Amino acid sequence: MKEFNITVVTTNNPKIIKLEANHFLVKGNYEFKNIDEAKNSPLAQQLFYLPFIKTVYIASNFVALERFDIVEWDDVKDDVAQQLVEYLNAGEPVVNEEAVTKKEPITVYAEVTPNPAVMKFVSNKRIVPSTYEFKNIDEAKDSPLAKELFHLPFVKEVFMDENYVSVTKYEVADWEEINMQLREFIRDYLADGKEVVTAEAIQKGKETIEQKKSGTDYDDTSLQIIDILEEYVKPAVAGDGGNILFQSYEEQSGTVSVILQGACSGCPSSTFTLKNGIETMLKNMMGDKIKEVVALNG
C-alpha cells in the first residue's frame, strides 16, 4: 500500500491552502461547495464536518481548501494535514469517480418568436415526447425543469415541445437582461441529465393521446380540419415556439375553434395569423363549410 505524505502549500489567496500529496489522488478535477454536492467524494464529506471548511477542491495530487473567516489557517492547517494523512493511509476513497456523472454535450440557442413576451430555447437533442404547457408553478408539479424555471422571478409561463422550451416573461424584465441567464440555466440543466418531465407525465400524455384517438367521435368535417392543422399549420407554429389544437367545429355557423399554446397564446400577431393564414387556408381547402376561425388561449 502507498504511504502518503502531505505538504502544506500557501496560495495567493489567504483563505485557501493546498495540501499536496506525494501520490496522485484522482484523475479528474472536482469542486464541492457543501456536503450535499460531495455525495460522490467521501473525503470531501469528511472535510465538511470541520466547521470552518467552505469549499473543497480536489485535483491530481492535491486537495485545496477554502475556509470561512472564523479561523486562520496558521491555527488549524497542521491538524487538517494530519487528518488528511491518516485518512489517505487508511485506504479510504477520495472520489468515487465511476459514480460522477459526466455532463452530456448539450447546446442550446435562443430564438425570437412573433410574440415579444416569449423566447424559444432550442436544444440539439429531443427533451420531451410531446407538448406540455404550464401556466404556473402548481401546474408544473410533473416537470422538475418547469418548477425550477418558475423560481426565477421573471418567468410567467413555460411551454415544451420536442426539442425546445418556450418561456413567457413578465414585463418587468427585458430579454437583453435575462436571455443569457435562461439559456445557460436550461443548457446546464439538460447537460446534467436531470429529469425534464416525470415518467408519470409521459404516461399521462400517452394515455390522453390514445383516449382522443379512440374515445372522440368527430364528424368527417372535424377530422378533415384536424388533418389540415396537423399537416400544414402545426409545423409552422412549432417553428415559432407554439402549438395549435383543434377544439370544435360548429356545422351550423361554420365556426372552427382552436386552442393556442406557447408563444402563440396571447401573441399580438395571432389574430392576423388566424384570419390571414389558418382561416384562409381552411376556406380555400374546404369551401363554404368554414366561415370563421376563433382562438382560445391555452
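Details of the structure are given in the entry above.
Note that this is a predicted model, so its numbers are computed, not measured.

Thoughts on the sheet that holds strand S3 (residues 29-32)
Phase 1: Spatial ordering of the open sheet is given by S1-S2-S5-S4-S3, a layout of five strands whose pairing is antiparallel. One side of each edge strand has no neighbouring strand; the edge strands of this open sheet are strand S1 (6-10) and S3. Strand-to-strand, the axes of this sheet are offset by a mean angle of 20°, without reference to chain direction.
Phase 2: Of the strand pairs in this sheet, S1 and strand S2 (residues 16-21) are connected by five bridges, and their pairing is antiparallel.

Examining the sheet that holds strand S6 (residues 108-112)
Phase 1: The antiparallel open sheet is built from five strands, whose spatial order is S6-S7-S10-S9-S8. What marks the edges here is a single partner per strand, and that holds for S6 and strand S8 (132-134). On average, each strand axis in the sheet is tilted by 20° relative to the strand beside it, whichever way the strands run.
Phase 2: Bridge count between S6 and strand S7 (residues 118-123): five bridges; the pairing is antiparallel. In the strand pairing of S7, Val 108 is matched with Ser 123.
Phase 3: Against the sheet, helix H4 (residues 175-191) engages S6, S7, strand S9 (155-161) and strand S10 (164-169), with an angle of about 30° to S7.

The rules behind the values
- Residues numbered from 1 in each chain as written.
- Predicted model: local features only at pLDDT ≥ 70, side-chain atom pairs only at ≥ 80, totals over all residues.
- Heavy atoms only, no water.
- Pairing = 2+ DSSP bridges.
- Helix = DSSP H or I, 4+ residues; strand = E, 2+ residues; numbered from the N terminus.
- Axes fitted to C-alpha atoms, helices over the stretch in contact; angles between N-to-C directions.
- Contact = heavy atoms within 4.5 Å.

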